[in-house]
Amino acid sequence: MREYLDAILAENDVEALLLYSDSFRDANMYYLTKFLAPDPFIFLKRADSDPIIVVNQMEHSRAQKQSIVKAVKSYSDYNYLKALKTAKDPQRGAMKFIAKVVKKELETGTKICVPPNFPVIAADVLREEGLTINPMFGVVEKARETKDINEVEEIKAVQAVNEEVTSEAIEIIADSDVGSNGTLHFKGEPLTVGRIKSFFGSKLLENGCLPEEDIIVACGPKASDPHYSGEPEDKLKANQPIILDIYPRSIQKRYWTDMTRTIVKGRASDKLKKMFDTVFEARNASFDAIQAGAFGSHVYAVCCDVLEKAGYETTRGGKKVTKGMTHSLGHGVGLQIHESPRMNEFYTSPLKEHNVVTVEPGLYDPQIGGVRLEDIIEVTKSGYNNLTKMETKLEI
């Protein structure tokens, strides 16, 4: 949460935080300002003080109305044009302008933290100007790990849309006819991955969401690759696993969600049923291991225990496997689809109350395909709150 930022700066022995980026692509900048701008602007916060943002003149009025940062200043307040005109290279002059703003707002010698994506040229120029710049990982990201009530509600709203559209897509698959070679047909035409993805794209957009990255619609043995997203021409088949991994983002609020269901139109083989039942059991065991203070590595281990006991391989211990569970258990979700905290063998930080994470065990076999079940949950003091309400059912 944003109120933890001062403590995080203190933990890292720095006295100020500086960002220079746009907020369309930079989740940290949007998180700190809640102001969307396509061009880079300056965010500057001294520890234990309110932040300021400095935007170009065109954005100044809108930033004053929309940003959660109260102190909104314009480039003209710092004589931006003079900084450019007096520099041999206007682009370098823009970097010197950042230094000018920082020097005016902070005391000499202030230890300033910048994120890893801070422009290298800007950092070099600021150092040339005598400023102390410390690039650091995970400062704003650590604050973002814990969600406030408004953030959780935004994620729940996107998830509700996700479930509604996914349910409609599954109905299309369930209502399809089985043609020659087991190919599914809907309204007289082969039911392809492209048709299902087009359905998701249009329906999500109608509900104010975007599948900004390619969603996963994978059928049969090809789905044994967890990140095989499915080619548009791939035909959906009866009696084979179909993985639907859908992760839309709210266009207006910017928050993501993530959910996976595995279904079969027709009858699943005994091997596939066992895979599904085992993944279902592993998911529930993982749920039971989650609470504030639990380590992501421990929850992952609980999942692996269930899978390995049932005779399946995992990558635990660095093993290289071609089938079984070939990925980690889960990740944080918020303004990015993949963010901290993580649930894998190497993540040794404890989960915190109000973390929002996925739980997504899976099993894969190149001869059969894959099974993955994924819910998104909020960590609580004594357990979890499942933000996913959609049923889990294999055969449709």
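Residue indices begin from 1 for each chain and proceed along its sequence in written order. Two thresholds apply to this predicted model, a pLDDT of at least 70 for residue-level local features and 80 or more for giving and counting side-chain atom pairs, whereas whole-chain, interface and lining totals are computed over all residues. The side-chain figures draw on all heavy atoms in the structure; neither hydrogens nor water molecules are used.

Draft legend 1. Geometry of the side chain of Asp365. By the criteria applied, helices consist of DSSP H or I runs no shorter than four residues and strands consist of E runs no shorter than two, each listed in order from the N terminus. Note that Asp365 resides in strand β18 (residues 362–365). Buried charge without a salt bridge: Asp365, with Lys323 as the nearest opposite-charge side chain at an N-O distance of 4.2 Å. A polar contact is formed between the side chain of Asp365 and the backbone nitrogen of Gln367, at a distance of 2.9 Å. Accessibility here uses a 1.4 Å probe with only protein chains present; expressed as a share of the type maximum, an area under 20% marks a residue as buried, one over 50% as exposed, and anything in between as partly exposed. Charge assignment: positive for Lys and Arg, negative for Asp and Glu; neither His nor the chain ends contribute. By definition, a salt bridge exists where a carboxyl oxygen of Asp or Glu is found within 4 Å of a side-chain nitrogen of Lys or Arg. Two N or O atoms count as a polar contact when they lie within 3.5 Å, although within protein this holds only if one can serve as hydrogen donor and the other as acceptor, and sequence-adjacent residues are included solely when both atoms are side-chain atoms.

Draft legend 2. Broad picture of the packing of helix α5 (residues 90–105) against helix α6 (residues 120–128). Axis geometry follows a simple rule: fit a line to the C-alpha atoms, using only the stretch in contact for helices, then measure angles between N-to-C directions, giving values from 0 to 180 degrees. At a closest axis distance of 9 Å, the pairing of α5 and α6 adopts a crossing angle of 55°. Considered as vectors, α5 and α6 are oriented oblique to each other. Crossing of α5 against α6: the hand is right-handed. Of α6, the residues touching α5 (which contributes Arg92, Met95, Lys96, Ile98 and Ala99) are Ile121, Ala122, Val125, Leu126 and Glu128. We call Asp, Glu, Lys and Arg charged. Ala, Val, Leu, Ile, Met, Phe, Trp, Tyr, Cys and Pro are nonpolar, and the rest, Gly among them, are polar. Here the contact of α5 with α6 is composed, by residue class, of seven nonpolar, no polar and three charged. Any angle that is under 35 degrees is reported as roughly parallel, and any over 145 degrees as roughly antiparallel; angles of 65 to 115 degrees are reported as roughly perpendicular and all others as oblique. Note on convention: near helix rotated counterclockwise from far helix by under a right angle means a left-handed crossing. Clockwise means right-handed. The contact definition used throughout considers only heavy atoms, calling two residues in contact when any of these lie within 4.5 Å.

Draft legend 3. The pattern of salt bridges, seen in detail. By the definition in use, this model includes 24 salt bridges. A salt bridge links Arg62 to Glu59, with the nearest nitrogen and oxygen atoms 2.8 Å apart. Of the two residues, Arg62 and Glu59 both sit in helix α3 (residues 57–66), three residues apart, roughly one turn of that helix. Here Lys103 makes a salt bridge to Glu129, at a shortest N to O gap of 3.1 Å. Of this pair, Lys103 sits in helix α5 while Glu129 sits in the loop between α6 and β6 (132–135), placing them 26 residues apart in sequence. Assessed through its relative accessible area of 41%, Lys103 is described here as partly exposed. Put simply, Lys96, Lys103 and Glu129 are held in one network by salt bridges that share partners.

Draft legend 4. Broad picture of the nonpolar core. Only buried residues count toward a nonpolar core, which is a set of Ala, Val, Leu, Ile, Met, Phe, Trp, Tyr and Cys residues joined through side-chain atoms within 4.5 Å. Formed by 70 residues in total, the largest nonpolar core has its most connected members in Leu17, Leu18, Ile98 and Ile112. The leading source of residues in this core is α5, at seven residues. Not counting chain neighbours up to four residues away, the residues in contact with Leu17 comprise Leu5, Leu9, Leu32, Phe43, Leu44, Lys45, Cys113 and Val140. Within the second largest apolar cluster, 33 residues are counted, among which are Leu272, Phe276, Val299 and Val306.

Draft legend 5. Spatial organisation of the side chain of Glu163. With respect to the secondary-structure elements, Glu163 resides in helix α8 (residues 149–174). It turns out Glu163 is buried and unbridged, and the closest side chain with the opposite charge, Arg261, is 6.4 Å from it. Discounting residues that sit within four places of it in the chain, Glu163 has contacts with Met259, Leu387, Thr388, Lys389 and Met390.

Draft legend 6. Highlighting the pairing of β18. Of the two faces of β18, the one holding Gly362 and Tyr364 and the one holding Leu363 and Asp365 are both buried throughout. Here β18 runs beside strand β19 (residues 369–372); their pairing, made up of four bridges, is antiparallel. Residue pairing in the sheet places Gly362 in a bridge with Arg372 of β19. Think of it this way: DSSP has to see at least two bridges between two strands before they count as a pair. In sequence, β18 turns back onto β19 through a hairpin of three residues.

Draft legend 7. Layout of the packing of α8 against helix α9 (residues 193–206). Contact geometry for α8 and α9: axes closest at 10 Å, N-to-C directions at 145°. Note that α8 runs across α9; the crossing there is right-handed. Across the interface between the two elements, Val161, Val165, Thr166, Glu168, Ala169, Ile172 and Ile173 from α8 touch Ile196, Phe199, Phe200, Lys203 and Leu204 from α9. The class makeup of the residues in the contact of α8 with α9 is nine nonpolar, one polar and two charged.

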